[in-house]
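# A structural walkthrough
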Amino acid sequence: MDGENEQEYESLGANSTMAQNAIAGAMAGIGEHCIMYPVDSIRTRMQVLSTPELGTAIKDASKKQLRKHRNLWKGVYSVIMGAGPAHAVHFATYEFCKEKFTQQLAANTKIRAPGSSFEISNQLVASGAAGAIATFAHDALMTPFDGKYRQRMQLRDSTYKSVRECAKKVYTNEGLKAFYISFPTTVSMSIPFQSVQFATYEYCRSKFDPEGSYNPKVHVMAGAVAGAVASSVTTPLDVVKTLLQTKGSSTDAEIKNCSGFRQATGIIYDRHGIKGFFRGFKPRVLTNMPSTAISWSVYEYFKWFLASEEGDKFIDRI
């Protein structure tokens, strides 16, 4: 890559248009979720309280589910429909807010030496705050697709044959509010997850590649670290969210009648204790490490591509 393209890429974060960020974000979301979907299906089945513990679940998956590998892809179309627009909004909002917060923090900080602790802390605060705002916008669009469609169709005993059928039955049996019953829990989990993830990614990227050039290896490594850290600290909330999102398909009366976050937390603790909040911990981390690496790699690639002449032509065509 020549120097001209490097300069274009380095300045893209501040000068890119909303359309460029949105397109890159949409491609990142679709790529991330589709590639990792089968692994995420196993993670969902392990977190549902009626499923076996870790060792049994993995053994069951290897013996039965892999023989019917197509079953692990049930509900993937709901992710494609939701992930594209949601991630477009997510990354476009993130870039916009990060730029504004960075400018505001820099204006209020007297010491601005490159690489100083003030500059680093400003970057982390700006990235974390921007990630929180972007996450709220993302989850408002993604929650129905991610919860009522994807996770219900991922269940081992799911009888839904299509996203449309799933949506129709959920609406008929549980009403409109069912699509957003897990929204408060989703946001309460996603905001810390994404804030930690964005801040960790920006920090690792700046350490691995201070020049900020397009470097696929750096984006992969920084994304993997960010995914591992963020998923580790938010697993308990993810277990609660999964219970709420799949309760309509449960045959357990207590779970089926669960009304919210507090009751779901009590059910998990009463049945499994503290360790119950870490069901699916390993597959969650193993899912988020590569998925976050994929997401950031795809996003950074399309940012670089859209800054090129070929990218300008692509934007003009659409």
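Here's what I pulled together on the structure shown here. All values reported here derive from a predicted model rather than from experimental measurement.

The rules behind these values
- Residues numbered from 1 in each chain as written.
- Predicted model: local features only at pLDDT ≥ 70, side-chain atom pairs only at ≥ 80, totals over all residues.
- Heavy atoms only, no water.
- Helix = DSSP H or I, 4+ residues; strand = E, 2+ residues; numbered from the N terminus.
- Buried < 20%, exposed > 50% of the residue type's maximum accessible area, 1.4 Å probe, protein only.
- Contact = heavy atoms within 4.5 Å.
- Areas by Shrake-Rupley, 256 points an atom, 1.4 Å probe, with all protein chains shown as cover.
- Patch = residues over 30% accessible without salt bridge, like charges linked within 9 Å, V, L, I, M, F, W, Y side chains within 5 Å.
- Salt bridge = Lys/Arg side-chain N within 4 Å of Asp/Glu carboxyl O.
- Phe/Tyr/Trp six-rings, centres within 6.5 Å; stacked < 30°, edge-to-face > 60°.
- Axes fitted to C-alpha atoms, helices over the stretch in contact; angles between N-to-C directions.
- Parallel < 35°, antiparallel > 145°, perpendicular 65-115°, else oblique.
- Left-handed = near helix turned anticlockwise from the far one by under 90°.
- Nonpolar A, V, L, I, M, F, W, Y, C, P; charged D, E, K, R; others polar.

## Here's the deal with the overall build of the chain
The helix and strand tally for the chain stands at 13 helices and 0 strands. Mapped in sequence order, the helices and strands of the chain form the string α-α-α-α-α-α-α-α-α-α-α-α-α. Burial status across the chain gives 51% buried among its 318 residues. Across the chain, contacts joining residues at least 24 apart in sequence account for 79% of those joining residues at least 6 apart. For the chain, the exposed area adds up to about 15,400 Å²; of that, 62% sits on carbon and sulfur atoms.

## A word on a nonpolar patch on the surface
A contiguous nonpolar patch, built from Phe208, Met221, Val225 and Val229 and spanning about 310 Å² of accessible area, is present on the exposed surface. The dominant element in the nonpolar patch, judged by the number of residues it contributes, is helix α9 (residues 216–246), at 3 residues. Topologically, Val225 is positioned in helix α9.

## Notes on the packing of aromatic side chains
Under the counting rule described, the total for this entry stands at 14 aromatic pairs. With 6.3 Å between their ring centres and 85 degrees between their planes, Phe302 and Phe305 make a pair best called edge-to-face. Of this pair, Phe302 and Phe305 are both found in helix α12 (residues 281–306), 3 residues apart, which corresponds to roughly one turn of the helix. Under the relative-accessibility criterion, Phe302 is labelled buried at 18%. One aromatic cluster is present, built from ring pairs that chain together Phe91, Tyr94, Phe198, Tyr201, Trp296 and Tyr299.

## Notes on the packing of helix α2 (residues 18–35) against α12
Viewed as axis vectors pointing N to C, α2 and α12 meet at an angle of 150 degrees, and their least axial separation amounts to 8 Å. Taken together, α2 and α12 sit at an angle that is classed as roughly antiparallel. Taken as a pair, α2 and α12 cross one another with a handedness that is right-handed. Mapping the contact onto sequence places Gln20, Asn21, Ile23, Ala24, Gly25, Met27, Ala28, Gly31, Glu32 and Ile35 in α2 and Ser291, Ile294, Ser295, Val298, Tyr299, Phe302, Lys303 and Leu306 in α12. In the contact of α2 with α12, the residues fall into 10 nonpolar, 6 polar and 2 charged.

## Comments concerning the environment of Ser297
Summarising the element assignment, Ser297 is placed in helix α12. Given a relative accessible area of 18%, Ser297 falls into the buried group. For the pair formed by Ser297 and Pro216, sequence separation is 81 residues and the distance between their alpha carbons is 6.3 Å.

Bear in mind that shape data such as this cannot, by itself, settle questions of function.
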